[in-house]
Every structure is written in structure tokens, then in C-alpha cells.
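Structural description and commentary
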Amino acid sequence: MAHNPPQDQGVTTETPFARALLIGLSLIFLLLVLVMPLLAVFTEALRKGFPAFLESLSDPETFSAIRLTLLVAGISVPLNLVFGVVAAWTIAKFEFKGKAVLSTLIDLPFSVSPVISGLVFVLLFGAQGLLGPWLQSNGIQIIFAVPGLVLATVFITFPFVARELIPLMQEQGNADEEAALSLGASGWQTFWHVTLPNIKWGLLYGVLLCNARAMGEFGAVSVVSGHIRGQTNTMPLQVEILYNEYNFVAAFAVATLLALLALVTLVLKALLEHHFSAELSASRRH
Amino acid sequence: MEVKVQNIRKEFGRFPALHDVSLDIRSGELIALLGPSGSGKTTLLRLIAGLETPTEGRIFFGETDASEKTVQERNIGFVFQHYALFRHMTVLDNIGFGLTVRPRATRPPKAEIRRRAKELLDLVQLTGMEGRYPTQLSGGQRQRVALARAMAVEPNVLLLDEPFGALDAQVRKDLRKWLREIHDRTGHTTVFVTHDQEEALELADRVVVMSQGKIEQVGTPDEVYDSPNSPFVFGFIGESNCLRVDVDGGEIRFQGKTLGMAAAEDKHGEALLYFRPQDIVLVEDDTPHFEGQIASTRRVAGTRHVEVALGSGAHVELEVTPEQAARLDPKKIGFRPTRWKLFPV
Amino acid sequence: MTRSASSGWQFRQPSVLPGFRWALGYTLVWLTLIVLIPLAGLFFKSAALGWHDFWSLAFERRTLNALWISFGCAFIAALANVVFGTLLAWVLVRYQFPGKKIVDSMVDLPFALPTAVAGIALTTLYAPKGWIGAPLALLGLKVAFTPVGIVIALIFVGLPFVVRTVQPVMEEIDREVEEAAATLGANRLQTVFRVLLPGLAPAVLTGFSLAFARGVGEYGSVIFIAGNLPFKSEIAPLLIVIKLEEFNYPAATAIAVVMLLISFSMLFVINLIQAWSRRRYGYGA
């Protein structure tokens with residue numbers, strides 16, 4: 001029986017045919033599940049031509065949806081940024097009882113349905129909610145208003161920054177901070193001049209993902225928003241309303257903005273991974 | 001089984017890793033491939049295993065041309081530096097793996113595989129550990145499991161790549177002795193790679209010294225230590241001194257002076273003189289000898305090492321007993337090598 | 001700080017780094033206000049219902065069906081993602097091909113693309129007149145507005161979870177292990193299926209559970225493509241929204257509590273399996 005001599009690295013890889021087959025399968029899968037939906041957004045938005053696309057974007061309600069989305073993300077993301085840094089400092093830099101439990105609780109919002117995330121705030125602050133009567137008598141509106149949108153968004157994006165920073169700071173250890181302290185730096189100086197520079201790219205990475213989710217969140221804000229046009233509709237909610245009114249071009253036009261946001265996020269993320277892989281946590285280095 | 005390596009050349013891309021290497025490995029012998037990193041010793045081992053393909057040349061297992069066979073077909077046992085145990089399998093399943101993956105026709109029944117794996121476990125002195133997982137073992141224990149796993153397939157040849165490289169010094173020494181015992185008992189033809197000369201000399205029947213993709217010398221530990229056949233071997237194995245000398249009329253001269261050392265009559269001109277620090281006598285009379293000043297001395301185990309400056313920047317290191325060292329005059333020391341070798345410049 | 005090391009039970013190990021007290025305090029207060037109190041409020045509300053009411057609301061036929069569809073579709077989608085996600089991770093880690101970096105980045109698209117956008121795009125594609133839906137319709141297959149559509153949406157949403165958990169573990173695989181299998185006579189398929197994939201099992205399980213948890217709760221990408229027919233393609237989160245719009249807060253609460261309890265207990269079981277695997281094999285993911 002004739003044998004072909006084995007090729008280099010033949011031991012730890014597949015035959016060229018098997019390789020091509022597996023790559024082909026993956027690409028077809030990606031095409032059907034990821035790429036075509038993205039293309040569909042743009043083609044549907046431009047189905048009636050570019051002028052129609054622009055016209056549907058210049059709708060005042062769409063403008064107010066964009067403003068509201070920026071406002072909600074602009075409040076929620078900084079809140080989670082501060083929380084993420086403080087929580088990561090606590091969990092990564094210290095050893096204490098109950099640390100694992102605390103870490104699990106921070107991740108909790110990941111395993112709660114967005115709809116339930118909205119629901120819990122409705123149950124708390126809504127008209128029939130636990131605090132509803134008191135809020136009403138004091139004239140404070142949370143549900144069906146901006147505060148409710150912010151609360152739901154903060155809840156949904158709660159773990160993003162902390163999740164990114166905790167493994168990174170654990171890998172980095174405490175040696176740098178201990179060195180700074182031993183050289184006479186105060187706690188704040190140590191944080192600003194040593195810790196923060198060490199984690200800045202990881203922090204940016206976390207903020208990037210947090211922001212993408214904050215701007216794109218649908219289920220949770222849908223429950224607390226009340227869908228008041230021009231007032232409590234964020235961009236994803238505006239997409240839904242336009243779509244359900246069979247105004248497809250307009251729905252997809254707003255969707256293109258969100259899709260562009262997603263693409264920018266992906267590009268920035270890839271750049272961060274490429275240029276600062278050493279400054280990101282191990283699981284992000286690929 | 002004997003293994004013949006014939007005119008093997010191996011290039012990685014355009015970088016040559018081995019140039020025209022030939023080697024006969026006798027059946028049942030324990031042979032060491034010794035060399036610094038980059039000498040091609042691991043490449044040679046992996047070529048024998050079939051983990052790499054030679055650019056040119058052939059490898060024979062007995063009468064069969066193994067170069068035409070894949071690694072799976074060669075039926076070798078390979079032990080890796082970092083054990084490469086399958087961490088989701090128990091020790092017993094690891095050892096039995098090679099038998100389990102055989103085609104149905106040649107696969108022994110399950111009970112038989114278990115029995116043989118247990119036997120090997122006894123052989124490597126890990127009786128009772130069959131249910132453990134690799135992470136529950138120490139480094140030395142893991143390497144013993146790896147060896148048992150390699151032996152389970154009754155290999156034509158057992159190949160070990162720096163098998164003790166990842167272990168602590170003490171465990172290393174124990175395992176060395178133990179490997180020799182196992183080899184004497186089982187008689188597998190065994191090739192192991194090491195960069196540790198002490199390990200190679202202590203363990204092997206024969207040592208293959210390699211450098212820069214070539215074999216420098218093949219011989220018993222005594223041969224390569226006592227009669228190195230190249231400056232590289234002299235320098236790489238044991239400690240040695242090298243001096244640039246002149247040869248003329250059957251005499252060796254250093255800095256113009258005769259030394260009372262004879263050379264072949266027919267050689268003339270410059271040469272390199274190699275000798276070991278311990279192969280000298282101290283000379284106090286005025287017979288011809290090397291002369292210099294003591295630059296420093298340091299204690300090394302039961303001896304004292306004396307660094308001697310011979311002038312014009314030439315230095316040698318000598319090994320003397322502490323008693324001799326105590327009587328030395330730091331200003332003036334005389335000595336003569338008792339065993340030496342000349343190499344062309 | 002003042003307690004000596006020998007005093008036995010210690011809340012925390014001493015450290016020279018400052019700020020533990022207030023950092024922990026801030027973390028706990030914020031966590032309590034944003035996450036714990038709102039979630040506790042949900043359970044408080046459901047407790048106020050009383051056992052009988054809760055039972056009849058939570059286990060109404062329509063609710064049970066919606067739960068079944070949510071969990072069933074999420075399970076199937078997560079299984080599909082295990083297969084394709086592991087395949088993708090393998091291709092990305094092991095092979096070189098043009099455009100690989102772009103493909104690698106694209107995997108994260110579902111993390112970045114708002115679910116509502118994904119929902120309307122997938123619906124357009126898989127609708128009977130869509131680019132993919134039309135050829136499938138010729139074959140007599142209907143995707144959009146059926147549970148199959150739900151599964152497609154959940155595959156989209158869950159894919160990066162599997163790829164991103166398996167990929168780093170795959171990168172860490174020691175080539176020596178594969179070579180060891182080969183020297184022992186295992187062919188490539190045996191090496192992949194008996195040695196490599198079992199070693200990846202903990203990471204795959206983690207990816208599965210993340211994709212599954214996400215799929216169970218998913219709303220935005222599903223409601224457009226599902227068709228939302230009660231008893232057929234109505235998911236539990238949508239039912240909660242419907243109950244809310246009917247101002248039927250008790251029903252919404254009851255469904256939410258059941259969903260959370262099932263999700264949490266499944267995550268708990270998966271965590272137990274992971275811990276067991278770590279104890280036994282010395283690794284998890």
C-alpha cells in the first residue's frame with residue numbers, strides 16, 4: 001500500500017480538504033446568520049432611494065428619539081463606569097469573605113430577562129407599584145419618563161464595566177500599587193497615577209460594550225417607557241413603532257443609525273484588541 | 001528494534017535545522033541526544049517519531065523504511081517534556097489510550113486493556129493511583145504516567161524529549177536512576193533528548209553530541225568525556241581550558257617557551273591546546289612548564305578552582321585540592337597538563 | 001486592620017492598599033439600590049399574591065405554553081450555537097484564511113447590534129418573500145412567524161457567547177497533547193473527538209449556559225420574527241408585556257417569578273457542575 005509522506009504539521013491539523021470544508025461551513029453559517037441581516041438593514045433602508053431615506057430620518061420624532069437615546073446613555077454609562085471601577089477595585093485588590101457571592105450578584109442582571117428588568121421598576125415605581133402612591137402624591141414621575149429609562153438601562157448594563165475590569169486587575173496583581181505606596185504615594189495618587197493608567201484600555205473596552213448595549217437596549221426600556229411618541233421613545237423603540245406601522249423604509253433608516261453604531265463599536269473594539277492586547281484581560285486577547 | 005537514520009536533512013522554511021545526519025541506534029540500547037538548544041536534537045527525535053517530515057533522507061526501523069509511514073503507523077512511544085497527559089481522563093484511561101484507539105481488529109478487549117494498564121502502573125510504581133486525574137499528581141508522578149502510557153503500545157522505540165526538564169533537581173535525580181532501572185528491565189530501544197550533560201553521561205549507554213544541526217561525536221560516556229574529538233565536544237562536555245599554542249619540531253610552545261609537552265613530528269604552526277582543569281600537575285622545579293599568577297580562587301565542592309593569568313590576556317582554570325591551594329604562592333604558579341589534545345586553529 | 005492574624009475568623013486578609021471600606025460600601029449600596037431591591041420587590045409582590053393566586057396565574061395553560069416555547073427554543077438555539085460556535089472558534093483559532101480578522105470581529109456583531117434591529121432584519125430575511133425565506137418557501141419550509149424563526153433569532157443572539165468562551169480555551173490547548181495522541185496511534189478524528197473536545201467540555205458548557213440564559217429572556221430580536229400566536233409562538237417575556245399592557249400586574253409578576261426561578265436554578269446547577277469539574281479535573285471555564 002502506497003503512503004504519501006505526511007506533510008509538515010500534518011500531525012496537528014486536518015487535511016486541506018477538511019480545512020476548506022470547515023472554513024466554508026463556518027463562513028456560510030456566518031453569512032446566513034450575521035452578515036445577511038446586516039446587509040438587509042441597509043438595503044431595506046435604501047429600497048426607495050436615498051432621498052426617501054434622508055426624509056424619513058429628518059422626522060422630528062426620530063430626532064427626539066436620537067436625543068433621548070444619547071441622554072439616557074450619557075447618564076447610565078458614566079454611572080456604571082464609576083461603579084465598575086469601584087467594584088473591580090474592591091473585588092480584584094482585596095481578599096475578603098463573601099467575595100464570590102458579591103461577584104455573582106454583580107453578574108445577576110446578565111441572567112435576568114430585559115422585560116423582567118423593566119418590570120421590576122414598574123412594580124416599584126409604577127402607579128400600582130410599591131412606591132407609586134407616594135411618588136404620585138409628591139408629583140414625581142419615574143415610570144413612563146426619563147428616570148425610568150435610565151434606571152432600566154443602568155440595571156441592564158450594570159455588570160459590563162466591572163466584568164471587564166475584575167479579571168484584568170486580578171491579573172495585574174497588587175505589586176504596582178504596593179510599590180507606589182512604599183514610595184510614599186497617597187491612596188488617591190496611587191489610584192490616579194498607577195492603577196488607572198494600567199486599566200485605561202480595559203476600561204475603555206468595557207465602556208464601549210456598555211454604551212452599545214445602553215443605546216441599543218429594547219426590552220427593558222420598552223416596558224418602562226410607555227411609548228409616548230416624541231417623549232419617551234428611544235431609537236430602538238422608534239424602530240419598533242415605525243415597523244409596526246408598516247413604515248419599513250423609516251424603520252430601517254433609524255435601524256441603519258443603530259447598525260452604524262454597532263459597526264463603529266466593532267471597529268473600535270478590534271482596534272483596542274489589536275493595539276492594546278497586553279492591557280486587556282486575558283480572555284480578550286485574541 | 002534497531003533504528004537507522006540515513007542522511008537526514010531538515011529545513012524549516014529556509015532555515016536548516018539538520019544537515020546530513022546519519023545515526024545507527026542499536027536494538028535495546030539507551031542513547032542520549034545531547035546538545036545546546038538549537039543543536040537540532042529535538043528535531044532529530046521528532047523526525048524519528050514522525051512528528052516532522054525530513055526534507056531529505058530516510059529512517060529505518062529494522063528493515064522497514066519508516067519514512068513512508070505516518071506517526072500513527074510507526075508505533076513509537078513518545079514522552080513529552082510537559083507530560084502532555086489527557087487531563088479529562090483518569091491515569092488508567094491515559095495509559096490505556098493507545099490500545100483503546102486501535103482499529104477494532106487489533107484492539108484488545110476492555111478487560112485486557114485495563115489489565116495491561118494496571119501492570120504498567122505497577123511497573124512505574126504508581127499502584128493504586130489508577131482513578132486519579134493528572135492534576136491530582138505531582139510532576140514526577142505525571143511523567144511516570146506519561147512513560148507508562150508510551151510503553152503501553154509496546155513501541156518499536158521509546159522516544160523521550162527532555163523528559164525531566166520540567167522537574168525539580170531532586171526529583172530529576174531520582175527519576176533518572178529509576179528510568180535506567182526500567183530500561184534494564186524492559187529492554188526497549190530508547191532515545192532521549194537532553195541538554196544536561198550530567199544526565200546524558202550518567203544515564204545513557206551511548207551519547208550523541210550535537211551542535212548546529214550536526215552530530216559532533218557518538219560514543220560511550222567515557223569516550224566522549226575522555227577523548228572528545230572536537231573543540232566543541234571538549235568545551236561542551238565537562239570543563240576545559242583552551243590556549244593558542246605553536247607546534248614545532250614535535251614540541252608544543254606557549255608564548256615562545258617550551259613546556260615539556262610532545263606533539264606529532266609532522267605538524268607545524270599554530271594550534272589550539274585543550275585540557276581539563278583537573279588533568280594537570282603543579283610544577284615547582286625548573287623543568288619546562290606553564291607559569292602565571294593567581295587571579296582568583298574559589299571553592300567548588302571538594303576542590304579549589306584556581307584562575308591563573310598567563311600573560312597577554314590568556315587565562316586558564318585549574319582544579320587542585322584545598323591543601324595544595326593553601327601552599328600556593330599567589331605571585332607565581334607553575335603547572336603542566338597531563339592529558340591534552342591539540343586541534344587545528 | 002487591627003485584628004491580629006491569629007484571631008481565627010477574619011472578614012478580610014490584611015492589605016496595605018487603601019480604600020477597602022468605602023469601596024466595598026459604595027459597591028454594596030449601589031448593588032442593593034439598583035439590583036437587589038428591585039428584584040426583591042418582584043418577589044415581595046408575588047408573595048403578596050398568596051399561594052393559590054400565584055399558582056393559578058403562573059400555571060395557566062397559556063403561560064405554561066409560553067414558558068415551554070421560551071425554554072425549548074432557547075435550548076435548541078443554544079445547542080445549535082454549541083455546534084456552530086465551537087466550529088467557528090476552531091476555524092478562527094486553527095486556520096489561516098483571507099478575511100479572518102474581519103470574520104473574528106463580526107462574531108461580536110450580536111453583542112453590538114441592538115436586538116430590535118436584528119429582529120426586523122431577520123424577519124425581513126426569513127419572511128416568505130425575503131432573501132432566505134423565499135427559497136425556503138419553495139421547499140415548503142416556513143421560518144418566520146413560527147417557532148423556527150424564534151430559534152433563528154436566538155441563534156443570532158447567543159452565538160458570540162459560545163465562540164468567546166470556547167475560543168480562548170482552545171488557544172491554550174497544548175500542541176504536545178495532540179502529538180501525544182498521534183504518537184499513541186490515534187487518527188485525527190479520534191484525537192479531535194476523544195482528546196480535544198472532551199477537554200473543552202467545561203468551556204462549551206459555560207458558553208451553552210450563557211447562550212441559553214440569554215435566549216430564555218430575549219425579547220427584542222424575537223417578537224418581530226415570532227408571529228406571536230398564543231400557544232404556538234408566544235414567548236414568556238412577550239406574555240409579561242401583554243399582561244402589563246392589560247394592567248394585569250399580578251399575572252406579569254407571577255410569570256416573571258417563575259422564569260427567574262427556573263433560570264436561576266439552572267444557572268445554579270451549571271455552576272455546581274463547573275465546580276465539580278474544577279475539583280475533579282483541575283480546570284473549569
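Anyway, here's the lowdown on the structure attached to this text.

**Considerations on the interface of chain A and chain C**
- Across the boundary between the two partners, chain A contributes 93 residues, which contact 95 residues of chain C.
- Overall, the association of chain A and chain C removes approximately 8300 Å² of surface from exposure, summing both partners, and the carbon and sulfur fraction of that is 79%.
- Counting across the interface, chain A meets chain C through two salt bridges.
- Note that C:R188 and A:E14 form a salt bridge whose closest N and O atoms lie 2.6 Å from each other.
- Examining the composition of the side of chain A that touches chain C, we find that 20 residues originate from one element, helix 1 (residues 16–45) of chain A, more than from any other.

**Brief notes about the side chain of B:R172**
- Locating B:R172 in the fold gives a position in helix 6 (residues 169–186).
- Excluding residues within four positions of it along the chain, B:R172 makes contact with B:F164, B:G165, B:L167, B:D196 and B:E199.

**Some words on helix 1 (residues 41–49) of chain B**
Residues and elements named next belong to chain B.
- The buried fraction of helix 1 amounts to eight of the nine residues, a majority that puts the element mostly inside the structure.
- For helix 1, the full list of buried residues reads K41, T43, L44, L45, R46, L47, I48 and A49.
- Just downstream of helix 1, G50 is the residue with a positive phi angle, here 95°.

**Quick look at the sheet that holds strand 19 (residues 333–337) of chain B**
All names here are of chain B.
- Taken in spatial order, the five strands of this open sheet run 15-19-16-17-18, and their pairing is antiparallel. A strand with exactly one partner marks an edge of an open sheet, and here the two such strands are strand 15 (280–282) and strand 18 (315–320). Looking at each pair of strands side by side, their axes are set apart by 45° on average, direction ignored.

**Things to note about the interface of chain B and chain C**
- The partner chain C presents 22 residues to the 26 residues of chain B that form the contact.
- Counting the surface lost from both chain B and chain C, the interface buries some 2200 Å², and carbon and sulfur atoms represent 59% of this.
- Taken as a group, B:Q72, B:R87 and B:H88 account for 27% of the area that chain B buries against chain C, more than any other trio of residues on that side.
- Between B:R46 and C:E179 there is a salt bridge, and its shortest N-O distance comes to 2.6 Å.
- On inspection of chain B and its partner chain C, the count reaches five residue pairs in polar contact (both at pLDDT 80 or more).
- Breaking the side of chain B that touches chain C down by element, the ones donating at least two residues are helix 2 (71–74), helix 3 (91–100) and helix 5 (139–152) of chain B.
- Considering every element that reaches the side of chain B that touches chain C, the biggest residue donor is helix 3 of chain B, with three residues.
- Each residue belonging to the side of chain B that touches chain C can be placed in one class, and the counts come to 15 nonpolar, eight polar and three charged.

**Notes on the environment of C:V148**
Residues and elements named next belong to chain C.
- Note on placement: V148 falls in helix 8 (residues 147–171).
- Of the residues examined, V148 reaches a relative accessible area of 42% and is grouped as partly exposed.
- Sequence spacing of V148 and R164 is 16 residues, and the spatial spacing of their C-alpha atoms is 25 Å.
- With near-sequence residues (within four places) excluded, V148 lies in contact with K142 and V143.

**Side note on the packing of aromatic side chains**
- Per the stated rule, a full pass over the model turns up 39 aromatic pairs over all chains.
- Between A:F191 and A:W192, the aromatic rings sit 5.9 Å apart at their centres with planes inclined by 75°, giving edge-to-face as the arrangement.
- Summarising the aromatic geometry, the rings of B:F275 and B:F335 are spaced 6.2 Å apart at their centres and angled 40° between planes, so their arrangement reads as tilted. You can see B:F275 sitting in strand 14 (residues 269–275) and its partner B:F335 sitting in strand 19, a full 60 residues away along the chain.
- Note on B:F275: relative accessible area 0%, which makes it buried.
- Site record: aromatic cluster; members linked through ring pairs are A:W89, A:F94, A:F96, A:W188, A:F191, A:W192, C:F20 and C:W22.
- For the cation-ring pair, B:R144 lies above B:W178, with the distance from its terminal atom to the ring centre recorded as 5.8 Å.
- Just above the ring of B:Y225 sits the side chain of B:R276; from NZ or CZ to the centre is 4.2 Å.

**With respect to unusual backbone geometry**
- Positive phi values are uncommon outside glycine, yet B:N7 reaches one of about 45°.
- Within the secondary structure, B:N7 is located in strand 1 (residues 3–12).
- In this structure, C:N228 is a non-glycine residue whose phi angle is positive, near 55°.
- With respect to the helices, strands and loops of the structure, C:N228 is situated in the loop between helix 11 (220–226) and helix 12 (236–245).
- Residue classification places C:N228 among the partly exposed positions, given a relative accessible area of 24%.

Cut-off values and rules
Residues numbered from 1 in each chain as written. Chains lettered and ligands numbered in written order. Predicted model: local features only at pLDDT ≥ 70, side-chain atom pairs only at ≥ 80, totals over all residues. Heavy atoms only, no water. Contact = heavy atoms within 4.5 Å. Buried area = accessible area lost by both parts, 1.4 Å probe. Salt bridge = Lys/Arg side-chain N within 4 Å of Asp/Glu carboxyl O. Helix = DSSP H or I, 4+ residues; strand = E, 2+ residues; numbered from the N terminus. Buried < 20%, exposed > 50% of the residue type's maximum accessible area, 1.4 Å probe, protein only. Pairing = 2+ DSSP bridges. Axes fitted to C-alpha atoms, helices over the stretch in contact; angles between N-to-C directions. Polar contact = N/O pair within 3.5 Å; in protein donor to acceptor, adjacent residues only side chain to side chain. Nonpolar A, V, L, I, M, F, W, Y, C, P; charged D, E, K, R; others polar. Phe/Tyr/Trp six-rings, centres within 6.5 Å; stacked < 30°, edge-to-face > 60°. Lys NZ or Arg CZ within 6 Å of the ring centre and 35° of its normal.

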